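# Report on the structure
Residue-level listing of the chains:
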Amino acid sequence: MGVHVQDASGIEGEARAVAFRLREAGHEAFFVGGSVRDRLLGLPVREVDIATSARPEEVLRLFPNSWAVGVSFGVVLVPGGRFHFDVATFREDGEYLDGRHPEGVRFATAREDVERRDFTVNGLLEDPVSGEVIDYVGGLEDLRRRELRAIGDPERRFREDSLRLLRGVRLAVTKGFSLEAGTWQALRNLAFLIGRVAPERVHQELDRIWLSSGRGRGLDLLMDSGLMGEVVPEFLALRGCEQPPQWHPEGDVYTHTRMMLDLLEGEPSLSLVWAVLLHDIGKPACFRVDETGRIRFNGHDAAGALLAGEILRRLKYSREMVQSVVRKVERHMQFMNVRSMRSGKLRLFMAGADFADELALHRADCLASNGGLENYDFVRGELAKLKDVPVFPQPLLQGRDLMALGLRPGPLFRLVLEGALIEQAEGLFTDRKGALKWLADYVCSASMA
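Below you will find a few notes about this structure.

How each quantity is defined
- Residues numbered from 1 in each chain as written.
- Predicted model: local features only at pLDDT ≥ 70, side-chain atom pairs only at ≥ 80, totals over all residues.
- Heavy atoms only, no water.
- Helix = DSSP H or I, 4+ residues; strand = E, 2+ residues; numbered from the N terminus.
- Buried < 20%, exposed > 50% of the residue type's maximum accessible area, 1.4 Å probe, protein only.
- Polar contact = N/O pair within 3.5 Å; in protein donor to acceptor, adjacent residues only side chain to side chain.
- Core = buried A, V, L, I, M, F, W, Y, C linked by side-chain atoms within 4.5 Å.
- Axes fitted to C-alpha atoms, helices over the stretch in contact; angles between N-to-C directions.
- Parallel < 35°, antiparallel > 145°, perpendicular 65-115°, else oblique.
- Left-handed = near helix turned anticlockwise from the far one by under 90°.
- Contact = heavy atoms within 4.5 Å.
- Nonpolar A, V, L, I, M, F, W, Y, C, P; charged D, E, K, R; others polar.
- Salt bridge = Lys/Arg side-chain N within 4 Å of Asp/Glu carboxyl O.
- Phe/Tyr/Trp six-rings, centres within 6.5 Å; stacked < 30°, edge-to-face > 60°.
- Lys NZ or Arg CZ within 6 Å of the ring centre and 35° of its normal.
- Pairing = 2+ DSSP bridges.
- Disulfide = S-S within 2.5 Å.

### Describing the side chain of His 279
Along the chain, the position of His 279 falls in the loop between α13 (270-278) and α14 (283-286). Given a relative accessible area of 0%, His 279 falls into the buried group. In this structure the side chain of His 279 is engaged in a polar contact, spanning 2.7 Å, whose partner is the backbone oxygen of Val 276.

### Some remarks on the nonpolar core
Counting 92 residues, the largest nonpolar core has Leu 22, Ile 50, Trp 210, Phe 235, Trp 274 and Leu 278 as its most contacted members. For this core, the element with the highest residue contribution is α13, accounting for eight residues. If you look at the next biggest cluster of nonpolar residues, it comprises eleven residues, including Met 341, Met 350, Leu 359 and Tyr 376.

### Structural notes on the packing of α13 against helix α18 (residues 355-367)
α18 packs onto α13 with a crossing angle of 40 degrees between their chain directions and a minimal axis gap of 10 Å. Here α13 is positioned oblique relative to α18, judged by the angle of their axes. At the point where α13 passes α18, the crossing takes the right-handed sense. For the pair α13 and α18, contact is made by Ser 271, Leu 272, Ala 275 and Val 276 and by Asp 357, Ala 360 and Leu 361, respectively. Looking at the contact of α13 with α18 residue by residue, the classes come out as five nonpolar, one polar and one charged.

### As for the pattern of salt bridges
Should the charged atoms of two oppositely charged side chains come close, the side chains can pair. All chains considered together, the criterion is met by 27 salt bridges. One salt bridge in this structure joins Arg 37 and Asp 38, with 2.9 Å as the shortest N-O distance. Asp 38 carries the same exposure label as Arg 37, and that label is buried. The shortest N-O distance in the salt bridge between Lys 175 and Asp 38 comes to 3.3 Å. Residue Lys 175 is found in helix α7 (residues 163-175), and its partner Asp 38 is found in helix α2 (residues 34-40); the two are separated by 137 residues along the sequence.

### Regarding the packing of aromatic side chains
A full pass over the atoms with the stated rule returns nine aromatic pairs. Between Phe 335 and Phe 355 the ring centres are 5.7 Å apart and the planes differ by 20 degrees, which places this aromatic pair in the stacked class. Pair noted here: Phe 335 is in the loop between α16 (319-331) and α17 (343-350) and Phe 355 is in helix α18, with a separation of 20 residues, a long-range link. Across the pair, Phe 355 and Phe 335 agree in class, each one buried. An aromatic cluster is present here, built from Trp 210, Trp 274 and Tyr 317 joined pairwise through their rings. One cation-aromatic arrangement involves Arg 21 over Phe 63; the distance from NZ or CZ to the ring centre is 5.0 Å. We note Arg 239 situated over the ring of Tyr 254; from NZ or CZ to the ring centre the distance is 4.5 Å.

### Observations regarding unusual backbone geometry
Positive phi outside glycine occurs at Arg 146, with the angle close to 55 degrees. Along the polypeptide, Arg 146 turns up in the loop between α5 (139-144) and β10 (147-148). Even without being a glycine, Lys 316 presents a positive backbone phi close to 65 degrees. Checked against the element boundaries, Lys 316 lands in the loop between α15 (300-314) and α16.

### A closer look at the environment of Ser 212
With respect to the element layout, Ser 212 can be found in the loop between α9 (199-210) and α10 (215-225). Distance from Ser 212 to Pro 268, taken between C-alpha atoms, is 9.4 Å for residues 56 residues apart in sequence. If we ignore the near neighbours within four places in the chain, the residues touching Ser 212 are Val 173 and Thr 174.

### Points about the packing of α13 against α16
Two quantities define a packed helix pair, namely the angle between the axes and the distance from one axis to the other. With their axes 9 Å apart at the nearest point, α13 and α16 run at an angle of 45 degrees to one another. As far as their axial angle goes, α16 and α13 are oblique. Crossing handedness for the pair α13 and α16: right-handed. In this structure, α13 contributes Leu 270, Ser 271, Leu 272, Trp 274, Ala 275 and Leu 278 to the contact, and α16 contributes Met 321, Ser 324, Val 325, Lys 328 and Val 329. Considered class by class, the residues forming the contact of α13 with α16 number eight nonpolar, two polar and one charged.

### Details of the pairing of strand β2 (residues 49-52)
Looking at chain direction, strand β1 (residues 29-32) and β2 are connected through four bridges and run antiparallel. When the bridges of β2 are listed, Val 32 appears paired with Asp 49. Pairing geometry for β2 and strand β5 (residues 84-89), over three bridges, is parallel. Across the sheet, Thr 52 pairs through a bridge with Thr 89, a residue of β5.

### Details of the state of the cysteines
Applying the stated criterion to the full structure yields zero disulfides. With no disulfide partner, Cys 241 has as its closest neighbouring cysteine sulfur the one in Cys 286, 9.6 Å distant.

In structure tokens form, the structure reads like this:
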């Protein structure tokens with residue numbers, strides 16, 4: 001099996017030069033892992049790892065500008081030009097005590113090095129001179145069948161490094177693999193072990209799933225494996241959470257959310273995908289049946305925003321990411337009112353920093369339910385009218401203007417400033433003098449009320 005992929009970036013040429021130098025010094029050297037796999041699949045190669053018989057000190061001697069990044073594990077980072085390469089000594093791992101890292105290593109042969117790796121498709125060696133692929137673990141056949149299979153005992157592989165549980169799902173989704181039955185069963189049996197992995201590493205794997213075109217399948221695999229229940233247990237309540245059939249003929253909240261993932265267009269941002277996943281996370285807690293027998297979820301947007309923030313902070317996302325997702329979840333129900341909003345309030349709504357994502361969320365929300373796009377089309381029409389002007393003007397009033405009139409910072413500030421923006425957008429005042437007069441009149445009327 002082999003597919004020629006043009007090395008447009010030059011990374012393989014640089015890697016080959018590193019491997020040649022190791023061989024000239026009398027050492028074995030092979031390309032290994034993802035670069036071999038992706039080349040054989042006809043995919044672009046973005047990084048190349050090199051496995052060698054040379055000990056770390058020998059690699060450091062041969063490449064004076066390199067540096068040890070994991071010398072206890074035999075890994076040296078070697079600069080090749082525009083790219084850098086992990087050059088790792090063939091090794092066998094010692095016992096894994098923390099479910100992530102071996103307590104030590106023993107330098108070994110190429111075959112022993114391959115046999116301690118995670119999946120067969122990642123255990124292929126490529127001769128950098130001849131291009132011959134050396135396969136000790138059946139990876140070529142699994143690659144031909146597009147099947148992901150653990151090397152050796154799958155339970156042992158997952159117990160050694162529990163991040164492999166998520167990595168298996170990620171590779172299945174991003175590379176289009178099915179999961180071999182024994183590997184899938186072991187993954188399901190040991191899903192609870194993902195709790196041993198740092199949240200930052202967990203969300204890095206999730207990010208790659210969510211940003212792939214197979215994100216919907218990724219969600220199914222995460223749910224069916226039990227991993228989602230360990231990582232975002234709140235999500236399990238979406239399955240079986242009924243919705244009013246007149247608005248949601250597609251079924252429960254999980255089905256609705258799953259459909260939305262497949263309806264996202266282009267290359268959506270990570271915060272948009274998370275907003276889709278969590279936009280209805282508050283529905284189970286807000287589920288009510290009114291006196292007419294209709295299902296209602298009053299306040300699920302606000303409840304969902306709080307829950308979304310808790311989930312993303314637990315996964316150690318940045319403050320900016322948390323705020324972006326929370327804002328989208330909090331505002332997603334406001335689209336139902338766009339056609340009745342005052343023009344200034346509508347312009348303020350459309351001026352949100354993430355409004356393009358919010359509009360994409362609304363589109364998917366509609367198409368995954370009753371299909372009505374009237375509000376979506378209305379907003380797009382309003383945006384088209386403003387294409388040659390700023391969606392919203394620069395505010396003429398600021399917090400210090402309110403303080404000058406004796407108002408103290410607090411929740412009232414936001415309400416007054418938002419009201420001023422709406423009036424400004426509607427042309428009630430057009431300069432700072434008019435804005436200050438409006439503010440003075442507002443404060444006066446408020447104090448007399």
